[in-house]
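Observations on the model geometry
Below are the chains, spelled out letter by letter.
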Amino acid sequence: MTDSRRQGALGLALVLPPLLVLIFLIIVPAVSAVIDTLHPPEGAGWTLTNYALILGNRVLRSDIRFSIVVTLAAVAVTFCLSYPLALYLRFTKGRLPSLLAVLFTIPLFVPVVIASFAMITFLVNHGMVSTVLYRMGIEWFPPLVYNATGIVLTEVWTTIPFAVLILGAGLQAIDDALIDGARDVGAGPLRTFVSIILPLNATPTMITLTLLFIGIFGSFTIPYLVGGNAPQMLGVTMTNYLTQYLRRLDAVTIAVIAFLIAAAVGALYVVSVSRRERHAL
Amino acid sequence: MSVAVGAAGRAGAPWFWAIAGLRRALELGAFLALAAFILGPLLTLLVWAAAGTWLFPNLLPEFSLRWWYYVLGNENVVKAIRMSFLSAPVATLLSAVICIPAAYAFARLEFPGRRLLLLSFLSANAFPKIGLYVSIATLFYRLNLMDTFAGVVMIQLINTLLFMIWIPTGTFRGINRNLEDAARDVGAGPLRTFFNITLPIALPGLIVASLFAFLAAFDEAQGTLIVGTPNHMTMPVMMYTLVLSYPQPVGAVFSVLLSLPSLLFLLLAQRYLRAGYLAAGYSL
């Protein structure tokens, strides 16, 4: 009994330092940000005026809409590329798959700033793609950077490895015997996929989708460098309010709105992870 | 969908899958398209780094190394390089010192709230990063941490936490308890058991975690841009200025410099990455 008490105390003591970092650098800023926006220092009492002002601003509303649409598009494209890739890597053996396994991880090791710049040199008017198309006789095509298309393409480029790794780890955990069993009782590949693989990989799929959404929704570098002027994604908007217009409170209010949108999605994530953790322990 | 169906092809294949030539062609086509998408931008960047001038519609530039002299002779660039190689190791070391004991506790000790506390370290990923940095900035204004070395290290520390907690926790969990029990049975104390048995076995996992943490700290740009400007600019922060207001080759040359740590990491960690630690870090 005393032994387990001692172990408990030791465990808490060891966990305390990183927990303090977490509290000081994430929880305190987040909570104080929310309090600041609801209880401005100059005004008296609690008020939602800041939120009303931000949400009443037509430009900011279009930024919010733009952020959500671009994020959903990027998540959808990344997912539609990553799931087949993860399946292919899980169920195929040979030279091509092992080459592919190296290829798809490359963006993981490229800092986002460099990825954005590389994408610009690749896609910009008179860049690499435009040169190759010109040589092939195609002289006009829609602009590929400094707009939503550029943001989506660059986000997809940077998030593919992350998505394939999580989905792949989930697929790896599916027992081969289950799949062979399905085949033995006469299920075709489509049937096997829909009734065995898809449901067994549901949790990693949820985790991937929510983490992709939050990551892309909260991105700054890619929309800042590869996006256009207006509408812009919220990450750029709030940074501009903080560093360019020096309107700290407005910046924080936009940040809280972004938190809330992400929190709705994040709730899904926590639910699926904690279900996983319960199984693991 | 056809790829997905094909991938599950072990369990019986659609009719066209039997035509070997068509299958190969489909696979190869998809592979080449993906390769062009992933490698195209990087190769373009590399060519730019060796370019003097590159005029449309030439497929290759006129090569020259003069931009390298320009970049390496720039005082601000050298300052940023020094700042990066000073702050990222400090953040990584700090992270290792506080997180690895905690990871051991998460893996091996029973204490109240263990599961919840472990999950709480995911919260850094549950917020939109940039919103978090903006909130941190308002806190740092009050504490006079804006534009200081400590402030920059703290921002980088946030990005290392997840790697330094979750990968080592997984590593410690994976070590067979019997080995430790055996050492205890022959009379080794808990500290001796940890340093002589547990730590050596866990080392590869801890190294991979540290390398990931270092890269996360080294590559952090958006938070440092907010907290470190104007006097504590790291290399990635410098990149923003170079991309937006300098000729293309300058950004390209600097990108190559900035990628060197990542390349070195790939070479160093290849052995461990193959052993599945990369996947382990992602199978939350």
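All figures in this text were calculated on a predicted structure; none of them were measured in a lab. (Residues numbered from 1 in each chain as written. Chains lettered and ligands numbered in written order. Predicted model: local features only at pLDDT ≥ 70, side-chain atom pairs only at ≥ 80, totals over all residues. Heavy atoms only, no water.)

Comments concerning the overall build of chain B
Within chain B one finds 13 helices and two strands. Here chain B, with 284 residues, has 55% of them falling under the buried criterion. Long-range pairs, those at least 24 residues apart, make up 68% of the contacts in chain B between residues at least 6 apart in sequence. (Helix = DSSP H or I, 4+ residues; strand = E, 2+ residues; numbered from the N terminus. Buried < 20%, exposed > 50% of the residue type's maximum accessible area, 1.4 Å probe, protein only. Contact = heavy atoms within 4.5 Å.)

Description of the interface of chain A and chain B
Across the boundary between the two partners, chain A contributes 99 residues, which contact 101 residues of chain B. For the pair chain A and chain B, the summed buried area comes to about 9100 Å², and 80% of that belongs to carbon and sulfur atoms. Here chain A and chain B share one salt bridge between them. The salt bridge involving Arg142(B) is made with Asp36(A); its shortest N-O contact spans 2.6 Å. For the side of chain A that touches chain B, the element with the most residues is helix α1 (residues 2-38) of chain A, which contributes 21 residues. (Buried area = accessible area lost by both parts, 1.4 Å probe. Salt bridge = Lys/Arg side-chain N within 4 Å of Asp/Glu carboxyl O.)

Let's talk about the UniProt feature "domain: ABC transmembrane type-1" (unreviewed entry) in chain A
Taking the numbering used here, the UniProt-annotated feature "domain: ABC transmembrane type-1" (unreviewed entry) corresponds to residues 64-269 of chain A. The distance separating the terminal C-alpha atoms of residues 64-269 of chain A is 22 Å; by composition the span is 77% helix and 0% strand. (UniProt positions renumbered as here; feature names shortened; annotations may be inferred.)

Examining helix α9 (residues 189-200) of chain A
Residue and element names in this part refer to chain A. Helix length check: α9, at 12 residues, gives a terminal C-alpha distance of 15 Å against a target of 16 Å (1.5 Å per residue), a fit within 8%. Among all positions of α9, only Pro189, Thr192, Phe193, Ile196 and Ile197 are buried. Each buried residue of α9 lies within a common arc of 125° when the element is viewed along its axis, so the set occupies one face. (Expected span 1.5 Å × (residues − 1). Arc of directions from axis to C-beta.)

Considering the domain arrangement of chain B
Residue and element names in this part refer to chain B. The domain boundaries assigned to chain B delineate domain 1 (2-49) and domain 2 (69-281). In this complex, domain 1 contributes four residues to the contact, which on the side of domain 2 involves six residues. Approximately 430 Å² of surface area, both sides summed, lies buried where domain 1 meets domain 2, with 84% of it carried by carbon and sulfur atoms. Considering only the surface of domain 1 that becomes buried against domain 2, Leu45, Trp48 and Ala49 emerge as the three largest contributors, covering 92% of it. (Domains from an automatic or database assignment.)

Some remarks on unusual backbone geometry
Between Ala230(A) and the following residue, Pro231(A), the backbone shows a cis peptide bond with an omega angle of -5°. Positionally, Pro231(A) belongs in the loop between α11 (221-226) and α12 (234-244). In this chain, Thr229(B) is followed by Pro230(B) through a cis amide linkage whose omega measures 0°. Within the element layout of this structure, Pro230(B) appears in the loop between α11 (222-228) and α12 (235-245). Here the phi dihedral of Asn144(B) falls at roughly 55°; this positive angle occurs in a residue that is not glycine. Topologically, Asn144(B) is positioned in the loop between α7 (129-143) and α8 (149-174).

Description of the packing of helix α3 (residues 58-91) of chain A against α12(A)
Residue and element names in this part refer to chain A. Packing of α3 against α12 leaves a shortest axis separation of 9 Å and a crossing angle of 145°. From α3, Leu60, Asp63, Ile64 and Ser67 reach across to α12, where they touch Leu234, Thr237 and Tyr241. Here the contact of α3 with α12 is built from residues that sort into four nonpolar, two polar and one charged. (Axes fitted to C-alpha atoms, helices over the stretch in contact; angles between N-to-C directions. Nonpolar A, V, L, I, M, F, W, Y, C, P; charged D, E, K, R; others polar.)

Some points on the UniProt feature "transmembrane region" (unreviewed entry) in chain A
In the UniProt entry, the feature "transmembrane region" (unreviewed entry) is given for residues 64-87, 99-124, 144-167, 206-226 and 251-271 of chain A. Between the C-alpha atoms that bound residues 64-87 of chain A there is a distance of 34 Å. The span itself is 100% helix and 0% strand.

Topic: the layout of surface pockets
Approximately 660 Å³ is the volume found for the second largest pocket. Forming the boundary of the second largest pocket are 19 residues, of which Leu10(A), Tyr104(B), Leu109(B), Arg184(B) and Pro190(B) lie nearest the centre. Put simply, the parts of the chain that give the lining of the second largest pocket at least two residues each are α1 of chain A together with α4 (75-108), α9 (177-185) and α10 (190-218) of chain B. When residues of the lining of the second largest pocket are assigned to their parent elements, the largest contribution, six residues, is made by α10(B). Partitioned by chemical class, the residues of the lining of the second largest pocket number nine nonpolar, three polar and seven charged. (1 Å grid on protein atoms, 1.4 Å probe; cavity = no way out; pocket = protein on both sides within 12 Å on 5 of 7 lines; lining within 4 Å. Points joined across faces, edges and corners; volume = space filled by probe spheres on them.)

Observations concerning the environment of Pro247(B)
All names here are of chain B. For Pro247, the position within the fold is in the loop between α12 and α13 (248-282). You can call Pro247 partly exposed: its relative accessible area is 38%. In sequence terms Pro247 and Phe31 are 216 residues apart; their C-alpha atoms lie 33 Å from each other.

With respect to the nonpolar core
Residues and elements named next belong to chain B. Grouped together as the largest cluster of nonpolar side chains are 175 residues, with contacts concentrated most on Phe140, Phe172 and Phe254. Top element by residues in this core is α4. It accounts for 14 residues. Three or more residues apiece are contributed to this core by two domains, here domain 1 (2-49) and domain 2 (69-281). Among all residues touching Phe172, those that are not within four sequence positions of it are Ile100, Ala103, Tyr104, Ala107, Arg108, Phe194, Thr198, Ala202 and Leu206. (Core = buried A, V, L, I, M, F, W, Y, C linked by side-chain atoms within 4.5 Å.)

Considerations on the packing of aromatic side chains
Between two aromatic rings, the relevant description is the distance of the centres plus the angle of the planes. A full pass over the atoms with the stated rule returns 19 aromatic pairs over all chains. Ring geometry for Tyr241(A) versus Tyr245(A): centroids 5.0 Å apart, planes at 75°, classification edge-to-face. Overall, Tyr241(A) belongs to the buried group, its relative accessible area being 10%. One cation-aromatic arrangement involves Arg248(A) over Tyr141(B); the distance from NZ or CZ to the ring centre is 3.9 Å. (Phe/Tyr/Trp six-rings, centres within 6.5 Å; stacked < 30°, edge-to-face > 60°. Lys NZ or Arg CZ within 6 Å of the ring centre and 35° of its normal.)

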